[in-house]
Amino acid sequence: SGYFQDLLNKSEQTLLETFPSRYGELYSQNDGKIFKDLYSELRQYYRGSGVNLEEALTEFWSHLLERVFKAQNPQVTFSYEYLDCLAKQYDQLKPFGDIPREMKLKATRAFIAARSFVQGLAAAADIVKKVTQVPMSRECTREVMKLLYCPLCRGHANTKLCDNYCWNVMQGCLANQADLDSEWRNLIESLLLVAGKFNGAAGVEYIVGTIHTKISDAITYMQENKDLITNKLFKSCGNPKKGGKTPKVEERRRKGKAAQEDKSTVPSMENLVLDVKATLSDIQDYWISLPNLFCNEKTIAGQGNEDKCWNGMARARYMPERMGSGLANQINNPEIDVDITKPDMTIRQQIMQLKIMTNRLRNAYNGNDVDFQDTSDDISGSGSGDGCTDSVCVKTSSGDASVVHTQTHITHKSKSSEETGNSAYLHSWSRLLLAVALLVAFSARW
């Protein structure tokens, strides 16, 4: 969120540095509180608070009209009734031209896009964190230990795993995670759509970074049309009693125009947008690519070595077919007994969070305001897997435990070493899933 905060801070700083000399009493009343309050409201809205952005902007322009009108007519003391009449004439007078309407439309869309994008990145990172905390089942721990260590136990230290054997084990272990794929892709696509709104003259960067310029343009418009606006107001609300010194309007006009030349913002976000788009595209298929990440080319035998790889029982060809991704495709998995009727509830909840966030992003892309609430939950999984016991390597590909093959595990392994091996693997498992948590870093930058 830092980038958009910097845009706002730069715009406000420019206003605070230039408006006192350009607009004198108009700014100095209450030390520019009207402008500081506006930026405060914009920040609160961006952070996801309950601020109504349209109402905040409408209130700002109403207060600014009163301030400018008083500054243009310092010789008059206006009653509350007269100022109330002034406020009621706002729509007919259009004292700031079309700038308030244009700013409300563009700023609202810009802030909706900016905060929805940051919220989307944060939601994605939070979902990854929660999915990472889902523990492996006891059977999955057993089969992964078998996959990793049985070739060593049977004297095939240099034999790589059969591709489909490794694939089927990991597809069974990551079946629930793979079910995130569809909604995860929808979220990434939505983030990419919203990111497309950031660059260009109508983009978020320009609009957020030049708020001070639009305010200056509006004041200049009212100064240049002072006589016309004042005559219309006097006809509608009456002529107030005058007296005092006439202000130096022409000097104020020149200073007001000078504000149009200052359009400074923080450096362009073009490279930042390109970086995040590339990263989002790279992780679009993350959940269904996990088996491949685990069964990489350093682990599996590869093509041409199908008869010389470890198939779970021997150095030979692996015959069972390759399983598809997702829970529903594991009903006939020869390596992992997966109960497809009992999906992991933590992951199901994260699928729902993906749907909710995607819907919010789609609304934001279309310019519709959305209510961002904290969608986090404190649900955590339970259970743990056993170590590689003496019976791990005797289960056949058919799953029939009664068919026993020659046991070749080292039987004098101490309990502590088994736990150490299991703990080390679980650590690597978490590290594998956490790879995508780089989203956290991107959400911090934005």
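Residues numbered from 1 in each chain as written. Predicted model: local features only at pLDDT ≥ 70, side-chain atom pairs only at ≥ 80, totals over all residues. Heavy atoms only, no water.

Draft legend 1. Representation of a negative patch on the surface. Taken together, the side chains of Glu41, Glu54, Glu55 and Glu59 make up a negatively charged region of the molecular surface. The element contributing the most residues to the negative patch is helix H4 (residues 53-72), with three residues. For Glu54, the position within the fold is in helix H4. We classify Glu54 as partly exposed; its relative accessible area is 42%. (Patch = residues over 30% accessible without salt bridge, like charges linked within 9 Å, V, L, I, M, F, W, Y side chains within 5 Å. Areas by Shrake-Rupley, 256 points an atom, 1.4 Å probe, with all protein chains shown as cover. Salt bridge = Lys/Arg side-chain N within 4 Å of Asp/Glu carboxyl O. Lys, Arg positive; Asp, Glu negative; His and termini not counted. Charge placed at Lys NZ, Arg CZ, Asp CG, Glu CD. Helix = DSSP H or I, 4+ residues; strand = E, 2+ residues; numbered from the N terminus. Buried < 20%, exposed > 50% of the residue type's maximum accessible area, 1.4 Å probe, protein only.)

Draft legend 2. Inspection of the pattern of salt bridges at higher detail. Throughout the structure, instances matching the rule amount to 14 salt bridges. A salt bridge links Lys88 to Asp84; its shortest N-O distance comes to 3.3 Å. Taken together, the residues Lys88 and Asp84, both in helix H5 (residues 80-88) and four residues apart, mark about one turn of the helix. Under the relative-accessibility criterion, Lys88 is labelled exposed at 63%. The exposure class of Asp84 is partly exposed, given its relative accessible area of 39%. For Arg101, the salt bridge identified is with Asp98, shortest N-O distance 2.9 Å.

Draft legend 3. Main features of the confidence of the model for the protein chain. For the protein chain, per-residue confidence averages 76 on the pLDDT scale, and residues scoring 70 or more make up 74% of the total. Confidence drops under pLDDT 50 across residues 244-267; counting only partners more than four residues distant or on other chains, this segment forms 57 contacts. (pLDDT = per-residue confidence, 0-100. Contact = heavy atoms within 4.5 Å.)

Draft legend 4. Expanded view of the state of the cysteines. Under the counting rule described, the total for this entry stands at four disulfides. What pairs with Cys162 in a disulfide is Cys309, and their sulfur atoms sit 1.9 Å apart. Between Cys162 and Cys309, the S-S torsion sits near 90°, and that sign places the bridge as right-handed. Of the two residues, Cys162 sits in the loop between helix H8 (138-153) and helix H9 (163-173) while Cys309 sits in the loop between helix H17 (286-294) and helix H18 (345-365), which places them 147 residues apart along the sequence. Take Cys162 and Cys309: they sit in the same class, and that class is buried. Cys166 shares a disulfide with Cys295; S-S distance 1.8 Å. Disulfide Cys166 to Cys295: torsion about the S-S bond roughly -90°, handedness left-handed. In this pair, Cys166 sits in helix H9 while Cys295 sits in the loop between H17 and H18, placing the two residues 129 residues apart along the sequence. (Disulfide = S-S within 2.5 Å.)

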